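Each chain, letter by letter, is given below.
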Amino acid sequence: MAKESAWMFWRNLTKLVVIAIFLAACFFMLARVIGYGSPWLGLLLMFYFMALAKFAEPVFVLRLPRFLRAVQPSLPDDRLYRRLGVRGFGALLRNTPLRYLNDSVYRSAGRRSLTELRRQAESAEATHLWAAILFTPYIVYVGARGLVAEAILFVAVQIVFNVYPILHLRLVRARLSKLGLPVGSRKDVAGPGIDGPA
């Protein structure tokens, strides 16, 4: 059993390294075509980060900061979430092919346990959070270069690809907490994270 587990770890790690090398090669080839000063390279890096975080899940899982792990069960009834249309955004993700961007946060036909669903939802939320944190200074940098239109577009991308998914995933975790799962506790998430084991 230990040998099989070790073999799986090294297989997943090898796959992650190969994908990282492939994405790096794509990045440098594109940079040579459009120029290293192109603002679009930063946007590409954000998407690469999110892709690598997803492929890395069998090896390690990104974690939320401790103060963001806990969610209130009453969150789905929050007026701000309703006004922002977070539920509608969630419905859009669930009922369109967009769900296949990360189908691990859905319980398809009961094949995934609620505990695993909670773990995947927190991991996905952490990925979007860290992507947003890393991308925000770049947006400021692009704006400071005088590329105002690009900076405004990147803010819109940030909202659609990071902010709304974070809010949606917090609603998912709040609903799971209503089912009695200990969402956000110190021992809630298995495996090491970006800030170390819980």
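Given the structure is predicted, the values throughout are model-derived calculations rather than measurements.

A. Structural context of the packing of helix 2 (residues 40-55) against helix 6 (residues 114-144). One can describe the packing of helix 2 onto helix 6 by two numbers: an axis separation of 10 Å at closest approach and a directional angle of 160 degrees. Looking at the two axes, helix 2 sits roughly antiparallel to helix 6. The element helix 2 and its partner helix 6 pack so that their crossing is right-handed. Along the contact surface, helix 2 presents Trp40, Gly42, Leu43, Met46, Phe49, Met50, Ala53 and Lys54, while helix 6 presents Gln120, Thr127, His128, Trp130, Ala131, Leu134, Phe135 and Tyr138. Broken down by class, the residue content of the contact of helix 2 with helix 6 amounts to 11 nonpolar, four polar and one charged.

B. Just the pattern of salt bridges, in detail. Counted by the stated rule, this structure contains six salt bridges. For Arg119, the salt bridge identified is with Glu116, shortest N-O distance 3.2 Å. In this pair, Arg119 and Glu116 both sit in helix 6, three residues apart, roughly one turn of the helix. Given the relative accessible area of 28%, Glu116 is considered partly exposed. Of the charged contacts in the structure, one is a salt bridge between Glu125 and Arg170, with a shortest N-O distance of 2.7 Å. Taken together, the residues span a long stretch of sequence, with Glu125 in helix 6 and Arg170 in helix 7 (residues 148-178) at a distance of 45 residues. The buried category is assigned to Glu125, whose relative accessible area is 1%. Judged by its relative accessible area of 13%, Arg170 falls in the buried class.

C. Representation of helix 1 (residues 2-34). An ideal rise of 1.5 Å per residue puts 48 Å on 33 residues; helix 1 measures up with 48 Å between its terminal C-alpha atoms. Looking at the packing, one finds that the buried side of helix 1 touches helix 2. A positive backbone phi angle near 95 degrees is found at Gly35, which sits one or two residues after helix 1.

D. How the structure looks around the packing of aromatic side chains. The tally for this structure, following the rule as stated, stands at nine aromatic pairs. Judged by centre distance (5.3 Å) and plane angle (80 degrees), the rings of Phe9 and Trp10 are edge-to-face. Assessed through its relative accessible area of 35%, Phe9 is described here as partly exposed. Taking the relative accessible area as the measure of exposure, Trp10 reaches 53% and is therefore exposed.

Reading the values: the criteria
- Residues numbered from 1 in each chain as written.
- Predicted model: local features only at pLDDT ≥ 70, side-chain atom pairs only at ≥ 80, totals over all residues.
- Heavy atoms only, no water.
- Axes fitted to C-alpha atoms, helices over the stretch in contact; angles between N-to-C directions.
- Helix = DSSP H or I, 4+ residues; strand = E, 2+ residues; numbered from the N terminus.
- Parallel < 35°, antiparallel > 145°, perpendicular 65-115°, else oblique.
- Left-handed = near helix turned anticlockwise from the far one by under 90°.
- Contact = heavy atoms within 4.5 Å.
- Nonpolar A, V, L, I, M, F, W, Y, C, P; charged D, E, K, R; others polar.
- Salt bridge = Lys/Arg side-chain N within 4 Å of Asp/Glu carboxyl O.
- Buried < 20%, exposed > 50% of the residue type's maximum accessible area, 1.4 Å probe, protein only.
- Expected span 1.5 Å × (residues − 1).
- Phe/Tyr/Trp six-rings, centres within 6.5 Å; stacked < 30°, edge-to-face > 60°.

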